[in-house]
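Each chain, letter by letter, is given below.
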Amino acid sequence: MNQFKIIFISLFIIFVALTTTTYSGEKNSTRVQGLFYLDGEPISVVIEDGRISQIIRNKKATSSDVYIAPGLIDVQLNGYAGVSFTQAGLTLEEVRQATRALWKEGVTTYLPTIISASHQRIKENMAVLSDAHEDDEIGVSIPGFFLEGPYISPIDGFRGAHSKEWVRQPDWDEFMEYYEASGGNILQVTLAPEMENAMEFIRKCTARGILVGLGHHNGSAEIIKQAVDAGARISTHLGNGCANTIHRHHNPLWAQLADDRLNATIIVDGHHLTQDEVQVFYKAKGPDRILLVSDVTKLAGMAPGEYNWDGKRVVMTPDGMLKYPEQDVLAGASLPIRIGVGNLMKYTHCPLSEAIHAASRSQARVFGFSDRGEILPGKRADLILFTIENNTLHIIQTIVAGVTVFQQD
Ligand SMILES: [Zn+2]
């Protein structure tokens, strides 16, 4: 064979390989169109093998009012649609039900949250969540879990809705049992830094890559600084999990607002924080360090009305306030994170792009979910399509890893 022939055959093989690749790429690709959440301009997002491959600017004008944005990431979610992740006898099927209901609300990634409970309960439920993380259907939306408590302040007000019976001092050996049961998937722990051995506990979590949040606490400025030096990076639902009456100078809020190393999670459901608080937190932390969370409980996603919850009467009002009518106190949150996105725009007058970042990109950055949180080539195709009406997002379609998991009829 002469040299010319070899070159010709080689070129032919390369040509065939290239065209075949293009062909199979085209075959697996789908397109989603909408108004880009960053600037409101029409775009097409090309999805190949579950990932975003291209973002194409559409030249033609459109009359559509459907936006496209990255899927929402909720890092504090106690339960949904009648299921609590801390409840007795939690099953994998119940976690599936909650996850499917959350997809309808545009949540593509979340951290199921277990709160202060008995040793046995936390262990058992962590094991169920571990199965959920591995599950073929829903595991894609559950990268890990959040343990809020049990190492929090036992004092009324700071303790919030956590039962006093289950609150205890940080105990690393005990925590390791939960960590093992979770399959090593606890990604976040919230504790009170003024508890015994808390600093050592924070250092050990940080060394393992577990994010530490400060919450349900009454730490002094000095203790908060020590906790952040030890590795704490989150203020858990800032402004909540705090007594109603606090010292005007010496309280846990100022030190947490002042330290730029702390990212603040906030519940912007219209009930847990006032508009002024949201505005001030947003200004103090800046858009990148504010993370919206829903902190919703099992009654979220249910119809307004009266419920019996663990033997206590709870009322859900039509605007999503969940309260114990006897004591007139909040019984947790009921509105999904998409409501927080709209409220953040309403309260701070920030653009849609910033409000979406506070429910996607910021979480991805803080938690190290490097494959999601933005619409960029190479990222996982976690997308939501929605309209906005009076600062309320209405989800039309939810896509997780390129698969449509919810589509409005
Ligand atoms: Zn809490």
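Before going into details, it helps to say that this report is about the structure given with it. (Residues numbered from 1 in each chain as written. Predicted model: local features only at pLDDT ≥ 70, side-chain atom pairs only at ≥ 80, totals over all residues.)

Quick look at the overall build of the chain
Scanning the chain from terminus to terminus reveals 11 helices and 21 strands. Rg of the C-alpha trace for the chain: 23 Å, near the compact-globule value of 22 Å for 409 residues, within the 12% margin. Its C-alpha atoms put the chain at 85 × 50 × 40 Å along the principal axes. For the chain, the proportion of its 409 residues judged to be buried stands at 46%. A separation of at least 24 residues holds for 68% of the contacts in the chain among residues at least 6 apart in sequence. (Helix = DSSP H or I, 4+ residues; strand = E, 2+ residues; numbered from the N terminus. Rg over C-alpha atoms; globule rule 2.2 N^0.38 Å. Buried ≥ 20, exposed ≤ 12 C-beta atoms within 10 Å, placed from the backbone. Contact = placed C-beta atoms within 7 Å.)

Let's talk about the nonpolar core
Ranked by size, the top nonpolar core spans 109 residues in total, and within it Ile68, Leu191, Ile266 and Leu292 carry the most contacts. Here the element with the most residues in this core is helix H9 (residues 337–348); it accounts for 6 residues. The contact partners of Ile266, leaving out residues within four places of it in the chain, are His237, Leu238, Gly239, Leu273, Val278, Phe281, Ile290 and Leu292. (Core = buried A, V, L, I, M, F, W, Y, C linked by C-beta atoms within 7 Å.)

A few points about the environment of His349
Relative to the elements of secondary structure, His349 occurs in the loop between H9 and helix H10 (352–357). His349 gets classed as exposed once you count the C-beta atoms within 10 Å, which come to 9. C-alpha separation for the pair His349 and Pro336, spaced 13 residues apart in sequence, amounts to 20 Å.

Things to note about the pairing of strand S15 (residues 305–309)
For a regular strand, side-chain orientation follows a simple rule: the groups alternate between the two sheet faces. Among the 5 residues in S15, 0 count as buried, and that is only a small part of the element. Strand direction decides the pairing type here: S15 and strand S16 (residues 312–316), joined by 5 bridges, are antiparallel. Its bridge partner being in S16, Asn308 is matched across the sheet by Arg313. (Pairing = 2+ DSSP bridges.)

Overview of the sheet that holds strand S9 (residues 145–148)
The strand order S5-S8-S9-S10-S11-S12-S13-S14 describes an open sheet built from 8 strands, whose pairing is parallel. The open sheet has two free edges, formed respectively by strand S5 (72–77) and strand S14 (290–292), since each of these has just one partner strand. Bridge analysis of S9 against strand S10 (residues 186–191) gives 4 bridges, and the strand direction is parallel. Each residue of the ladder has a partner; that of Glu148, found in S10, is Thr190. Across the sheet, H9 touches S5, strand S8 (107–115) and S14, and the angle it forms with S14 is around 135 degrees. (Axes fitted to C-alpha atoms, helices over the stretch in contact; angles between N-to-C directions.)

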